[in-house]
Amino acid sequence: MKFQWRSFGYKSKVVVLCSVANFINAADRVLMPLAIIPMTYEYKWSLYWQGWILSAFAFGYFTSQIIGANAVNTYGGRRVLCFAVLLWSLSTVLTPLAAASLPALISARVILGLGEGLGLPTIFQLFAQHVPAEERSRAFGYMVAAGSVGQTFASLFVPHIDWRISFEIFGFLGLIWVVCWLLTYHDPPILADEEGQQLLENKEMMCVTWTEWIRHWSLWSIYIAHFAMNWSNYIIMQWLPTYLSRTLGANKESMSLTAVPYIISSLCGVVWGHVADQLVAVGWPVLRVRRLMTFFGLMGPGLCLALFPEVSNLVVAVLVISMAMGLCAANSAGHLSNHADVAPNHAGITFAISNTIVS
């Protein structure tokens, strides 16, 4: 059966292209941590400058999230996301050229952070505007899963090619995405069906003061859940390879097993999204579904991490972490989707604040 992109509904195109953007986002983010070893060998950087190169990303990332989320309401999600992907893709493509100069390379890293900081808040706002509540869980599931796949793909692919080629491949992939985005969408979009009419009605914005984002417990519950999710993930991402190597004796070949938890997380994220949307479709209140998914997404990994130190077998250790990541993926249908439920006109802003707090 021939693939027909034009036959896709408006919201389906938004979900597909935003998921691909998050794939590129996640892949570009891990390129430098993977490439810095051969780059250091070539350019003889000290640990001091390696730290500056790696941390420069954060300066751009933290400063652009809230600003970018606010820009969505002014310039529209399509323009802001297009600018974001263009910005981080150009910085990625130009990284090999900038590598010979530390100031230029650090600047490129800051620009990468600026672009990627704009990305996710904009995607959250687009999903809030374009995807109805009964389909939102799987939309976020696909988007988050795409990010995990991007990170895993880059981690497996980059070590086997020249570091310059890896930056060029993923950078040009982002530029191709920008072209597809511009060819697919026009601002304003021409919408004639019932779905399009609903979209236009939902674009009506409300004036909200900034103090509203920090004075409601419903938002703080989302922020706290996001904090718990992120830091359990950080522990796994940063320490799993070291723990498997030093404590459980994993060799170089066995370290490829660290990709398994991320593959499981991607698959489970999609499954949790479909389960959550099915519960909403059969009559469950949206809030109850969000709470249930968040419960699984936080309690499950917490129990797995608490039991993890008792594991002495490498394969069992990978299985336990895979279970933790699979359960953690339920958060995409839980508190992550909840941004679009509690603040549909400002989901990008609430996510930006949440992501800034937890980072």
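The structure we're discussing is the one just above.
In this text the structure is predicted, and so the values were computed from the model without any measurement.

Reading guide: rules and limits
- Residues numbered from 1 in each chain as written.
- Predicted model: local features only at pLDDT ≥ 70, side-chain atom pairs only at ≥ 80, totals over all residues.
- Heavy atoms only, no water.
- Helix = DSSP H or I, 4+ residues; strand = E, 2+ residues; numbered from the N terminus.
- Buried < 20%, exposed > 50% of the residue type's maximum accessible area, 1.4 Å probe, protein only.
- Contact = heavy atoms within 4.5 Å.
- Areas by Shrake-Rupley, 256 points an atom, 1.4 Å probe, with all protein chains shown as cover.
- Expected span 1.5 Å × (residues − 1).
- Arc of directions from axis to C-beta.
- Polar contact = N/O pair within 3.5 Å; in protein donor to acceptor, adjacent residues only side chain to side chain.
- Salt bridge = Lys/Arg side-chain N within 4 Å of Asp/Glu carboxyl O.
- Phe/Tyr/Trp six-rings, centres within 6.5 Å; stacked < 30°, edge-to-face > 60°.
- Lys NZ or Arg CZ within 6 Å of the ring centre and 35° of its normal.
- Axes fitted to C-alpha atoms, helices over the stretch in contact; angles between N-to-C directions.
- Parallel < 35°, antiparallel > 145°, perpendicular 65-115°, else oblique.
- Nonpolar A, V, L, I, M, F, W, Y, C, P; charged D, E, K, R; others polar.
- Core = buried A, V, L, I, M, F, W, Y, C linked by side-chain atoms within 4.5 Å.
- Patch = residues over 30% accessible without salt bridge, like charges linked within 9 Å, V, L, I, M, F, W, Y side chains within 5 Å.

A. Broad picture of the overall build of the protein. Broken down by element type, the protein carries 13 helices and zero strands. Looking at the protein as a whole, 50% of its 359 residues are labelled buried. Long-range pairs, those at least 24 residues apart, make up 82% of the contacts in the protein between residues at least 6 apart in sequence. Summing over all exposed atoms, the protein offers an accessible surface of approximately 17400 Å²; the carbon and sulfur share of this is 68%.

B. Seen up close, helix α6 (residues 163-184). Under the 1.5 Å per step criterion, the end-to-end length of α6 is 32 Å for 22 residues, consistent within 8% with the ideal 32 Å. Considered for burial, the residues of α6 that qualify are W163, S166, F167, F170, G171, G174, W177, V178 and W181. Seen along its axis, α6 keeps its buried residues to an arc of 115 degrees; they face one direction. Of the exposed residues in α6, the ones pointing more than 90 degrees away from its buried face are I176 and L183. Packed against the buried residues of α6 are α1 (10-43), α3 (77-98), α4 (102-130) and α5 (133-157). For α6, the side-chain oxygen to backbone nitrogen distance between the N-cap and R164 is 3.0 Å, and the N-cap itself is D162.

C. Highlighting the pattern of salt bridges. Per the counting criterion, the structure on display carries five salt bridges. A salt bridge links R136 to D341, with the shortest nitrogen-to-oxygen separation between them at 2.8 Å. One end of the pair, R136, is in helix α5; the other, D341, is in helix α12 (residues 335-342), and 205 residues separate them in sequence. With relative accessibility at 24%, the residue D341 sits in the partly exposed group.

D. Looking closely at the packing of aromatic side chains. Evaluation of the coordinates by the stated rule reveals 19 aromatic pairs. Ring geometry for F57 versus Y61: centroids 5.3 Å apart, planes at 20 degrees, classification stacked. Placement of both F57 and Y61 in helix α2 (residues 47-75) is noted, with a separation of four residues, approximately one turn of the helix. For the residue pair F57 and Y61, the accessibility class agrees, reading buried in each case. Each residue in the set F23, F153, F157 and F170 is aromatic and connected to the rest through ring pairs, giving one cluster. Just above the ring of Y41 sits the side chain of K44; from NZ or CZ to the centre is 5.3 Å. Against the face of W284 rests R288, its NZ or CZ located 5.8 Å from the ring centre.

E. Structural view of the packing of α2 against helix α13 (residues 347-358). Two elements in contact, α2 and α13, have axes whose closest approach is 8 Å; the angle formed by their N-to-C orientations is 170 degrees. Taken as axis vectors, α2 and α13 run roughly antiparallel relative to one another. Where α2 approaches α13, its residues Y61, F62, Q65, I66, A69, N70 and N73 are matched on the opposing element by G348, I349, A352, I353, N355 and T356. Partitioned by chemical class, the residues of the contact of α2 with α13 number seven nonpolar, six polar and no charged.

F. Representation of the nonpolar core in the model. Grouped together as the largest cluster of nonpolar side chains are 37 residues, with contacts concentrated most on L81, F127 and W177. Taken together, the elements giving at least two residues each to this core come down to α1, α2, α3, α4, α5, α6, α12 and α13. Not counting residues within four places of it along the chain, the set of residues in contact with L81 comprises C18, G119, T122, I123, L126, W177 and W181. Core analysis: the second largest hydrophobic core is formed by 19 residues, L31, A35, I36 and M39 among them.

G. Structural detail: a nonpolar patch on the surface. There is a patch of nonpolar side chains on the surface, built from Y48, W49, W52 and F59 and spanning about 450 Å² of accessible area. Mapped onto the fold, W52 is located in helix α2. Accessibility expressed as a relative area gives 35% for W52, which makes it partly exposed.

H. Here's a closer look at unusual backbone geometry. A positive phi angle, near 60 degrees, is found at K44, a position not held by glycine. Among the structural elements, K44 can be located in the loop between α1 and α2. The exposure class assigned to K44 is exposed, which follows from its relative accessible area of 65%.

Such coordinate-based values are descriptive only and should not be taken to indicate function.
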